[in-house]
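# Structural description and commentary
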Amino acid sequence: MVIFSVYVVNKAGGLIYQYDNYVPRAEAEKTFSYPLDLVLKHHDEKVVVSYGQRDGIKVGHAVLSINGADVLGKNTAEGKDILEYLKDSSNYPVSIRFGRARLSSNEKLMLASMFHSLFAIGSQLSPEVGSSGIEMLETDVFKLHCYQTLTGIKFIVLADPRQSGIDALLRKIYEIYSDFALKNPFYSLEMPIRCELFDQNLKGSLEIAEKAGNFGAGS
């Protein structure tokens, strides 16, 4: 079982903590001859595949490295525009590694704010007064679990759909937050959490949950 990541969102919708516990690396590397038989484009400071799928390379995958050197956004390691570099036949054959690019800090902030809004919409759409809002979203590869405290702090866990005991884990994370963030004299409410003890205890709890398949009482 796998727990992918943890997010903590304050009552205003701001992301105050995020931890990637496990990031699947779905990557493919291939040597190409000229001309390149994939269509690439610029998207959000990255170069991504817009058309053509082959050998594990999919639409939406980003260019991660060229000839073994990691790219820098839209540019090669040498600072050249990737699209212009790949138009030059003299640069072939070329080895390109593709994969899903990791979310940037700004993208994570934006997505946390969007979920905060969806949570509020879910509560407003409820036919009954006092709805808890969105507690779980499910896809074919992961489940998003959310626990909102009485003070409006949201604890979000992304996990394997088969992972059990997430409700107990969310409450354990809230307990860790109360013990190691709120009781920290240097921590200000609603602000980003930067506390080593919080990090250590969170990681320990995630390890226990993954190994046990659940997070039972007394953990």
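Residues numbered from 1 in each chain as written. Predicted model: local features only at pLDDT ≥ 70, side-chain atom pairs only at ≥ 80, totals over all residues. Heavy atoms only, no water.

## Considerations on the packing of aromatic side chains
Two aromatic rings, taken as a pair, are described by how far apart their centres are and by the angle between their planes. By the definition in use, this model includes eight aromatic pairs. Here the basic side chain of Lys154 rests over the ring of Phe119, its NZ or CZ set 4.8 Å away from the ring centre. (Phe/Tyr/Trp six-rings, centres within 6.5 Å; stacked < 30°, edge-to-face > 60°. Lys NZ or Arg CZ within 6 Å of the ring centre and 35° of its normal.)

## So, the domain arrangement of the chain
Here the chain is partitioned into domain 1 (3-23 + 104-212) and domain 2 (27-99). Inter-centroid distance (C-alpha atoms) of domain 1 to domain 2 is 35 Å. (Domains from an automatic or database assignment.)

## Here's the deal with the sheet that holds strand E10 (residues 143-148)
Paired through backbone hydrogen bonds, the strands of a sheet run either parallel or antiparallel to each other. Taking strand neighbours across the sheet as the criterion, the five strands line up as E2-E1-E11-E10-E9 in an open arrangement whose pairing is antiparallel. This sheet does not close on itself; its edge strands, each paired only once, are strand E2 (15-20) and strand E9 (136-138). Looking at each pair of strands side by side, their axes are set apart by 10° on average, direction ignored. When strand E1 (residues 3-9) meets strand E11 (residues 154-159), the two strands line up antiparallel, connected through six bridges. Along E11, the bridge assignment pairs Tyr7 with Ile156. (Pairing = 2+ DSSP bridges. Helix = DSSP H or I, 4+ residues; strand = E, 2+ residues; numbered from the N terminus. Axes fitted to C-alpha atoms, helices over the stretch in contact; angles between N-to-C directions.)

## A closer look at the side chain of Arg97
With respect to the helices and strands, the residue Arg97 is situated in strand E8 (residues 94-99). At 2.9 Å, the side chain of Arg97 forms a polar contact with the side chain of Asp70. (Polar contact = N/O pair within 3.5 Å; in protein donor to acceptor, adjacent residues only side chain to side chain.)

## Details of the pairing of E2
In this sheet, E2 lies alongside E1 in antiparallel orientation, the contact comprising five bridges. Bridging across to E2, Tyr7 finds its partner in Gln18. Hairpin connection from E1 to E2: five residues lie between these consecutive antiparallel strands, with Gly13 at a positive phi of about 95°.

## Concerning the packing of helix H3 (residues 166-182) against helix H4 (residues 196-212)
Interhelical geometry of H3 versus H4 gives an angle of 160° and a closest axis separation of 9 Å. Here H3 is positioned roughly antiparallel relative to H4, judged by the angle of their axes. The way H3 lies across H4 gives a crossing that is right-handed. Two secondary-structure elements touch here, H3 through Leu169, Lys172, Ile173, Ile176, Tyr177 and Phe180 and H4 through Leu197, Phe198, Asn201, Leu202, Ser205, Leu206 and Ala209. (Parallel < 35°, antiparallel > 145°, perpendicular 65-115°, else oblique. Left-handed = near helix turned anticlockwise from the far one by under 90°. Contact = heavy atoms within 4.5 Å.)

## Some words on unusual backbone geometry
Here Tyr34 and Pro35 are connected by a cis peptide whose omega angle stands at 0°. Considering the arrangement of structural elements, one finds Pro35 in the loop between strand E3 (27-32) and strand E4 (39-43). Along the chain, Tyr92 connects to Pro93 via a cis peptide bond; the corresponding omega equals -5°. Along the chain, Pro93 falls in the loop between helix H1 (82-87) and E8. A positive phi angle, near 55°, is found at Asn67, a position not held by glycine. Relative to the elements of secondary structure, Asn67 occurs in the loop between strand E6 (62-66) and strand E7 (69-70). Of note in the backbone geometry, Glu190 takes a positive phi value of approximately 75° without being a glycine. Topologically, Glu190 is positioned in the loop between H3 and H4. What makes Glu190 partly exposed here is its relative accessible area of 25%. (Buried < 20%, exposed > 50% of the residue type's maximum accessible area, 1.4 Å probe, protein only.)

## Observations concerning the layout of surface pockets
Over the atoms rolls a probe the size of a water molecule, and in doing so it shows where empty space is left. By volume, the largest pocket amounts to about 1,300 Å³. Put simply, the parts of the chain that give the lining of the largest pocket at least two residues each are E1, E4, strand E5 (46-51), E6, helix H2 (105-125) and E11. When residues in the lining of the largest pocket are grouped by element, the largest group, seven residues, is from H2. Of the residues assigned to the lining of the largest pocket, the class counts are 25 nonpolar, six polar and twelve charged. Each of domain 1 (3-23 + 104-212) and domain 2 (27-99) contributes no fewer than three residues to the lining of the largest pocket. Taken as a whole, the second largest pocket encloses approximately 270 Å³ of empty space. In terms of lining residues, the second largest pocket is bounded by 15 residues, among which Ser132, Glu135, Cys146, Tyr147 and Gln148 are the most central. Secondary-structure elements contributing two or more residues to the lining of the second largest pocket are H2, E10 and H3. Its residues placed into classes, the lining of the second largest pocket shows five nonpolar, six polar and four charged. (1 Å grid on protein atoms, 1.4 Å probe; cavity = no way out; pocket = protein on both sides within 12 Å on 5 of 7 lines; lining within 4 Å. Points joined across faces, edges and corners; volume = space filled by probe spheres on them. Nonpolar A, V, L, I, M, F, W, Y, C, P; charged D, E, K, R; others polar.)

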